[in-house]
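If you want the building blocks of each chain, they are given just below.
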Amino acid sequence: MAEDSSRAFVKDVKRIVIKVGTAVVTRNDGRLALGRLGALCEQIKELNSQGYELILVSSGAVGLGRQRLRYRRLVNSSFADLQKPQVELDGKACAAVGQNSLMALYDTLFSELDISSAQLLVTDSDFRDRDFRKQLNETVKSLLSLKVIPIFNENDAVSTRKAPYEDSSGIFWDNDSLAALLALELKADLLVLLSDVEGLYSGPPSDPKSKLIHTYVKEKHQGEITFGDKSRVGRGGMTAKVKAAVNAAYAGIPVVITSGSAPENIIRVLQGQKIGTLFHQDAHLWEPTKEVDTREMAVAARDSSRRLQALSSQERKKILLDIADALEANEKLITVENEADVAAAQQAGYEKSLISRLALKPGKIASLAKSIRVLANMEDPIGRVLKKTQLADGLILEKTSSPLGVLLIVFESRPDALVQIASLAIRSGNGLLLKGGKEAKRSNTILHKVITEAIPDIVGGKVIGLVTSRDEIPDLLKLDDVIDLVIPRGSNKLVSQIKSSTKIPVLGHADGICHVYVDKSANMDMAKRVVLDAKIDYPAACNAMETLLVHKDLVTNGALNELIVDLRIQGVSLYGGPRASLLMNIPQARSFHHEYNSMECTVEIVDNVAAAIDHIHHHGRHVIFSCQNLFVCNSMCRVLYDCFHEPMDMNCLLLFCSAHTDCIITEDQETAEIFLHQVDSAAVFHNASTRFCDGARFGLGAEVGISTSRIHARGPVGVEGLLTTRWILKGSGQVVDGDKGVIYTHKDMPINS
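Note that the coordinates shown come from a computational prediction; the quantities given were computed from them, not determined experimentally.

**Details of helix α26 (residues 669-678)**
Think of an α-helix as 3.6 residues a turn; residues three or four steps apart then line up on the same face.
And step 1. Regarding α26, the residues found buried are Thr671, Ala672 and Phe675. Buried positions in α26, seen along its axis, are confined to an arc of 100° and lie on one side of it. Turned more than 90 degrees away from the buried face of α26 sit Glu670 and His677, all of them exposed.
And step 2. At its buried positions, α26 is contacted by β15 (514-518), α24 (609-619), β21 (661-665) and β22 (683-686).
And step 3. Structurally, the start of α26 carries an N-cap: the backbone nitrogen of Glu670 is 3.0 Å from a side-chain oxygen of Asp668.

**What to know about the sheet that holds strand β7 (residues 255-259)**
And step 1. Within the open sheet, the eight strands sit side by side as β3-β4-β2-β1-β5-β7-β8-β6. Their pairing is mixed. In the strand order of this sheet, the two ends are held by β3 (117-122) and β6 (215-216), each with one partner.
And step 2. Taken together, the two bridges between β6 and strand β8 (residues 277-279) define a ladder with parallel strand orientation. Directly across from Tyr216, in β8, lies its bridge partner Phe279.
And step 3. Across the sheet, helix α2 (residues 34-49) is in contact with β1 (15-20), β2 (53-58), β4 (149-154) and β5 (190-195); its angle to β2 comes to roughly 155°.

**Description of the pairing of β1**
And step 1. Here β1 lies mainly inside the structure; six of its six residues are buried.
And step 2. Because side chains alternate across β1, one face comprises the buried residues Arg15, Val17 and Lys19, and the other comprises Ile16, Ile18 and Val20, equally buried.
And step 3. Of the strand pairs in this sheet, β1 and β2 are connected by six bridges, and their pairing is parallel. Each residue of the ladder has a partner; that of Ile18, found in β2, is Leu56.
And step 4. As paired strands, β1 and β5 are joined by five bridges and run parallel to one another. Looking at the pairing, Ile18 lines up with Val192 of β5.

The rules behind each value
- Residues numbered from 1 in each chain as written.
- Predicted model: local features only at pLDDT ≥ 70, side-chain atom pairs only at ≥ 80, totals over all residues.
- Heavy atoms only, no water.
- Buried < 20%, exposed > 50% of the residue type's maximum accessible area, 1.4 Å probe, protein only.
- Helix = DSSP H or I, 4+ residues; strand = E, 2+ residues; numbered from the N terminus.
- Arc of directions from axis to C-beta.
- Contact = heavy atoms within 4.5 Å.
- Polar contact = N/O pair within 3.5 Å; in protein donor to acceptor, adjacent residues only side chain to side chain.
- Pairing = 2+ DSSP bridges.
- Axes fitted to C-alpha atoms, helices over the stretch in contact; angles between N-to-C directions.

This is how it looks when you write it as structure tokens:
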């Protein structure tokens, strides 16, 4: 995204104080959020290597100590002890125990990343001593010159504060105010306060009407904001953070309050992205920017969709036919805008695979228009009776198809996806919000204009909203009371980020690691055709072959060599698994779980169909550490597990699988049946290219995406994947009356009766 003028200060940032809140350090159950901490330390490692000077202020010691002492007290208690009233643990003892555990964890995490850290405990009274402040500066300066990460915390174990969680007198009174004080004392260029929410909201974040404030203007916001309850842990919640942020900002140090749960938020702040809430002494001077009301856009889409549903089937069909005509009539204009996007992407140095997805090649508009007409002429999907049951005499129950409501589609690169998704939404009676990639901005804008102008006023063009800024996505992902389904179409990273950022159901696939297994009984002429098509027809697509598995017998009879030669002639670069790289003298693949999206693929040799199936199941998935869905590498998970003294919930380790499309080429029907029934993927093919996994090719008219989810829809998602069901009961005055007055028959009836 373009750099916001209010974020220009990041160009001069070198020294950063980062405050980590208790709600970031711990999970809802009070235990350490190892995934979040691991991701945080990885960010600090990356920034440290880039030359930034980083100072950490970390809360969490008291909460961690209390959790551990409670656990120990429980382990060491007799049954009789447990019957007695439990005395609350001393907070200072909790701080002493927790600080030791907290620093041990930071030391482990940073050591795994080849970073050294240092602990500095301070109290309020320390800062009254001028010599202490001078020595503090010298110590921190020395540590930073050695690229050591200083980690500060208030020494609650020996603090003279009578009630650490209530007494707000003194030079500082919590770790938020300590972080602001250190930023001033150590002459930092930026203070980042990490919280359990995305930033400062106009009201409690749980209130759907609350909006994220991107830039805090004291004169405007201090009287408008309504604070909710304080954080579930820690001392002061957002109120304390805002007070500390205002104090530091008006003393000349920019402050950003943002989420410690979202991946790479600190890095994104330093890239100038509009992340969280910025506090700056010059904020009142900046030209106020008009913020799009995302809720208003979503509500408008919902209201328009209800008018769309009220139309007759023929009226909805005519809208689609009008859109198809409009696309063809405006083809030249669309092409001009698309060519401008492609030229800009090439100049910016984007990868060839992205540029390939971005370009609307000759004939594409005609093809899209044809698909829309096919969709228009399909049976109306709305209100179809799926099941009809006579509950009792004169009491008829119908299960019918119904639109989901409002869809939010976030997609990358491909402007043709906008056309497909919009046509599917109209056919299924859903409202739609679209957010395309910035590289396709001009293409998406003209396509949206052409489509919405073809929609009659009785429905209104607002049934399809175009989101133009990435900054609006976090606000949209909060609208679980208006938006019914999110469908991300793009990279694994995009899908994962959205899944971790919303309560709205998400339908999407992670990676598209598609396999083709060539069995020993394969017809080799057929195998060559299928393998080449699966790889080179459109290598940037998610249904392109990424791994070629071959039976070991094809090595000895020379068939594998023929396949390899054909792939190389077509310009495919090959990488091998352990067996193939050794036998064929080709570079070893970095990972079997790698989506090339280009003219590259992995080759491996397997013993039989069972080994091929095992390979697909094993390497089509990988382990991630998922506390709040943040990523930490497998080795670090094991290190953390080994060094953590208390039982750790290893259910945090989740398997993410591709399970997209896999194919077998064989003439042995029994072997084919084994593969088709045992490979657990969204689409499994026999003697056919993986490129057939597509909504249009499946006869769905178009697709909104391909889902590897196991809930709701799987594989290419067409109109039916955008529908849910509802029950319609028709009676003649029946009442339940304790079930005394109804004789239930539960008789299935013909749907057309």
